[in-house]
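Fold and geometry: a report
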Amino acid sequence: MTQDQLKQAVAQAAVDFILPSLDAKSIIGVGTGSTANCFIDALAQHKTAFDGAVASSEATAARLKGHGIPVYELNTVSELEFYVDGADESDEHLNLIKGGGAALTREKIVAAVTRTFICIADASKLVPVLGAFPLPVEVIPMARSHVARQLVKLGGDPVYREGVVTDNGNIILDVHNLQITNPVELEAQINAIVGVVTNGLFAARPADLLLLGTSEGVKTLKA
């Protein structure tokens, strides 16, 4: 199977997983990126089975609306039953690196108010140790140099993501050359740096379920 076929398979598996729990009042959290887009396209076939969605980015909101799915502001929703999103990396404990699409802050906020966080990814995203994929860090623009110096002290090699502005008006530093053996600790350390909005480690709140697309079919991993 191609990578696109694997993404479509896990997207459909996520739809099949959540459908039995949906009703006319259900609102679903939806992530950002190519795999999340596959989920949106598959979900749209069942848009009468639920009320609407909360989007983790402007791009996701536009795709949902394009399918005729109502999009709600998170401030109007007290809790989400499901949040479905992709990942750039996952370890066996379902700690994730996210933020390749620069939507990490809103993704982390949506995940925080969700009962069940379902990560959908192809098999290449499952790694023994996080860090081969550069860790995105969203930063207030005026703090870029300060934050970069602090990230170097933590052992990373931060690189400014040229030409990228997040939906929140901030910039991204991608931190290379990290071996993330304690993701919960590193997530807290980076978030404590003045000027950091958040970083792309989802370890304090990892995924609850990982649907992994493989050549043998979709495998289910639980935290």
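Look up: the structure comes first, before these words.
This write-up is about the structure you can find in this document. (Residues numbered from 1 in each chain as written. Predicted model: local features only at pLDDT ≥ 70, side-chain atom pairs only at ≥ 80, totals over all residues. Heavy atoms only, no water.)

**Describing the overall build of the protein chain**
In terms of helices and strands, the protein chain carries 6 helices and 14 strands. Rg of the C-alpha trace for the protein chain: 17 Å, near the compact-globule value of 17 Å for 223 residues, within the 12% margin. When the 223 residues of the protein chain are sorted by exposure, 53% land in the buried category. Long-range pairs, those at least 24 residues apart, make up 73% of the contacts in the protein chain with a sequence separation of at least 6. When the accessible area of the protein chain is evaluated, it comes to approximately 10100 Å², of which 51% is carbon and sulfur surface. When the 17 positive and 25 negative side-chain charges of the protein chain are each reduced to one mean point, those points stand 3 Å apart. (Helix = DSSP H or I, 4+ residues; strand = E, 2+ residues; numbered from the N terminus. Rg over C-alpha atoms; globule rule 2.2 N^0.38 Å. Buried < 20%, exposed > 50% of the residue type's maximum accessible area, 1.4 Å probe, protein only. Contact = heavy atoms within 4.5 Å. Areas by Shrake-Rupley, 256 points an atom, 1.4 Å probe, with all protein chains shown as cover. Lys, Arg positive; Asp, Glu negative; His and termini not counted. Charge placed at Lys NZ, Arg CZ, Asp CG, Glu CD.)

**So, the sheet that holds strand 12 (residues 201-202)**
With antiparallel pairing, 3 strands are arranged side by side in an open sheet as 5-6-12. For this open sheet the edge positions go to strand 5 (89-90) and strand 12, each flanked by a neighbour on one side alone. Here strand 5 pairs with strand 6 (residues 96-97) via 2 bridges, running antiparallel. Within the sheet, the bridge partner assigned to S90 lies in strand 6 and is L96. (Pairing = 2+ DSSP bridges.)

**Concerning the pairing of strand 13 (residues 209-214)**
In terms of burial, strand 13 is largely enclosed, as 6 of its 6 residues are buried. Burial of strand 13 is two-sided: the residues L209, L211 and G213 facing one way and the residues L210, L212 and T214 facing the other way are all buried. As paired strands, strand 7 (residues 114-122) and strand 13 are joined by 5 bridges and run parallel to one another. Paired with A121 across the two strands is L212, which belongs to strand 13. Pairing analysis gives 6 bridges linking strand 13 to strand 14 (residues 217-222), with the strands arranged antiparallel. Among the inter-strand pairings, T214 is bridged to a residue of strand 14, identified as G217. As consecutive antiparallel partners, strand 13 and strand 14 are separated by 2 residues.

**Here's the deal with the pairing of strand 8 (residues 135-139)**
Burial of strand 8 is extensive: 5 of the 5 residues sit out of reach of the surface. The alternating pattern of strand 8 places L135, V137 and V139 and P136 and E138 on opposite faces, both of which are buried. As defined by bridge partners, strand 8 adjoins strand 10 (residues 171-176) across 5 bridges and the pair is classed as antiparallel. Across the sheet, residue V137 finds its bridge partner in strand 10, namely L173.

**Some details on the packing of aromatic side chains**
A complete count under the given rule lists 3 aromatic pairs for this structure. Between F17 and F82, the aromatic rings sit 6.3 Å apart at their centres with planes inclined by 80°, giving edge-to-face as the arrangement. Here the residue F17 occupies a position in helix 1 (residues 3-18), and F82 occupies one in strand 4 (residues 80-85), the gap between them amounting to 65 residues. Assessed through its relative accessible area of 41%, F17 is described here as partly exposed. With a relative accessible area of 4%, F82 lands in the buried category. By the ring-pair criterion, three or more aromatic residues cluster together here, those being Y83, F117 and F202. (Phe/Tyr/Trp six-rings, centres within 6.5 Å; stacked < 30°, edge-to-face > 60°.)

Everything listed here is a matter of geometry and, on its own, says nothing about what the molecule does.
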